[in-house]
Amino acid sequence: MFIDDKYLNLLKNEKNLLAFSHGSDSSALFFMLLEQNIEFNLALINYKTRLSSDIEEQSAKELAKKYNKKIYIKIAPKIEKNFEANARVVRYEFFDEICFKYGYKNLILAHNLNDKFEWFLMQFSKGAGLFELLGFKDIEKRKNFTIVRPLIETSKKEILKFLDDKKIKYFHDESNDNEKYFRNHIRINYANEFLLKFEKGIKNSFKYLQNDLSFFDDNFKIFHGIYICLKQENIIAKCFKHLGILLSTKQRQEALKHDGVISHKIAIVYMYDKALIFPFIKCEKIPKEFRENCRKMKIPKLLRAFCFLKDISLKELNQALDSF
């Protein structure tokens, strides 16, 4: 098992942060990065949900010390509802904070082929488009860092063999066996067995689907932070994903109907049969002259504060719409 040169070239001579849990995947990736002389430090979240959480944290500290790695640790607040979704928010807020504060360019995640296939099946079961089905990218640009997933084409079977061959210590999170979590239900009852039988075909299918997805790359443009695209569901969903929001089926339908704000974060408006998608911001005191110009140029109300605060020329905005 090895890391593809594509990822090694991206990580070499850069400041990298590895999201570390001391589970099988991140433990394997830790030692694979060491073997390739990739510099990295660690970030670990302790959710305090299991008796072994503190033991795993202490072991991670010892591992970091042994190999001269910095380790950033966050004790998560107690999560009462919707654990998986809220835990993800806590994780990425922490990663974003660390990367921004200490200047890490790449966030390395240990997601593997099984994770990718589980996600695919989860979204497929709910009714999803191509962007949601292929939500796990190997390289993904974020505001303050680039996500790199070097093991995304590597199966769990390969990872476990690597750990066994190298006699590497790792911990098993018993909550991954609890089928009350939808992801675990999909993994245990469908994904794992299917991958064991059809791994080669699944890998090839993902490659073909990713090529199909590239068709959409030229179907939107970005103008001063505003995503401009045609009124097409899949393209709109992709723009929202670029801005950090993965639309549910209900949100997709809502976004296609009229101007609005999704998840109190991202706004969508329509001008000249085109969708404009941008971070939602408010401004209580927009000058009268600017408001009047917006009215004359038929700039949607939700977009006016963004244009004013970002000092966007309304004339240039119209030109961008005309040229798309």
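Calculation notes
- Residues numbered from 1 in each chain as written.
- Predicted model: local features only at pLDDT ≥ 70, side-chain atom pairs only at ≥ 80, totals over all residues.
- Heavy atoms only, no water.
- UniProt positions renumbered as here; feature names shortened; annotations may be inferred.
- Helix = DSSP H or I, 4+ residues; strand = E, 2+ residues; numbered from the N terminus.
- Buried < 20%, exposed > 50% of the residue type's maximum accessible area, 1.4 Å probe, protein only.
- Contact = heavy atoms within 4.5 Å.
- Phe/Tyr/Trp six-rings, centres within 6.5 Å; stacked < 30°, edge-to-face > 60°.
- Lys NZ or Arg CZ within 6 Å of the ring centre and 35° of its normal.
- 1 Å grid on protein atoms, 1.4 Å probe; cavity = no way out; pocket = protein on both sides within 12 Å on 5 of 7 lines; lining within 4 Å.
- Points joined across faces, edges and corners; volume = space filled by probe spheres on them.
- Nonpolar A, V, L, I, M, F, W, Y, C, P; charged D, E, K, R; others polar.

By the naming in an unreviewed UniProt entry, the chain goes by tRNA(Ile)-lysidine synthase and is assigned to Campylobacter volucris. UniProt, in its Sequence similarities (unreviewed entry) section for the chain, records the words "Belongs to the tRNA(Ile)-lysidine synthase family." Looking at the Subcellular location (unreviewed entry) heading of the UniProt record, one finds this comment for the chain: "Cytoplasm".

Novice: Would you mind showing me how to read unusual backbone geometry here?
Specialist: When glycine is set aside, most residues are seen to have a negative phi, and most peptide bonds are trans. Of note in the backbone geometry, His 22 takes a positive phi value of approximately 75° without being a glycine. Relative to the assigned elements, His 22 resides in the loop between strand 1 (16–19) and helix 2 (24–35). On the basis of relative accessible area, His 22 is assigned to the buried category, the value being 3%. In this structure, Tyr 272 is a non-glycine residue whose phi angle is positive, near 50°. The topology assignment puts Tyr 272 in the loop between strand 10 (266–271) and strand 11 (274–279). Residue classification places Tyr 272 among the partly exposed positions, given a relative accessible area of 47%.

Novice: Which parts of the structure should I look at to understand the environment of Ile 152?
Specialist: Checked against the element boundaries, Ile 152 lands in the loop between strand 6 (146–148) and helix 7 (156–166). Sequence-wise, Ile 152 and Lys 221 are 69 residues apart; in three dimensions their C-alpha atoms are separated by 28 Å. The residues contacting Ile 152, other than those within four sequence positions of it, are Tyr 7, His 111, Asn 112, Leu 113, Lys 116, Phe 136 and Asp 138.

Novice: What's the story with the packing of aromatic side chains in this structure? I'm lost.
Specialist: The geometry of an aromatic ring pair is captured by two quantities: the separation of the ring centres and the angle between the planes. Across all of its chains, the model carries 20 aromatic pairs by this definition. A centroid spacing of 5.7 Å and a plane angle of 85° characterise the contact between Phe 120 and Phe 206, whose relative ring orientation is edge-to-face. Here the residue Phe 120 occupies a position in helix 5 (residues 113–126), and Phe 206 occupies one in helix 8 (residues 182–213), the gap between them amounting to 86 residues. Residue Phe 206 is classed as buried on the basis of its relative accessible area, which comes to 4%. Ring centres of Phe 194 and Phe 198 lie 4.8 Å apart, and the angle between their planes is 50°; on these two criteria the pair is classed as tilted. With a gap of four residues between them, Phe 194 and Phe 198 both fall in helix 8, about one helical turn apart. Judged by its relative accessible area of 40%, Phe 194 is partly exposed. Phe 198 gets classed as partly exposed once you look at its relative accessible area, which sits at 44%. Above the plane of the ring of Phe 40 lies Lys 69, whose end atom (NZ or CZ) is 4.2 Å from the centre.

Novice: Please clarify how the layout of surface pockets should be interpreted in this entry.
Specialist: Once rolled over the atoms, a probe with the size of a water molecule shows which space is left empty. Considering only enclosed or pocket space, the second largest pocket measures out at about 430 Å³ in volume. Forming the walls of the second largest pocket are 19 residues, and the residues nearest its centre are Tyr 7, Ile 152, Glu 153, Thr 154 and Lys 207. If you list the elements that add at least two residues to the lining of the second largest pocket, you get helix 1 (5–11) and helix 8. Looking at the lining of the second largest pocket, the element that brings in the most residues is helix 8, giving four residues. Tallied by class, residues from the lining of the second largest pocket come to eight nonpolar, two polar and nine charged.

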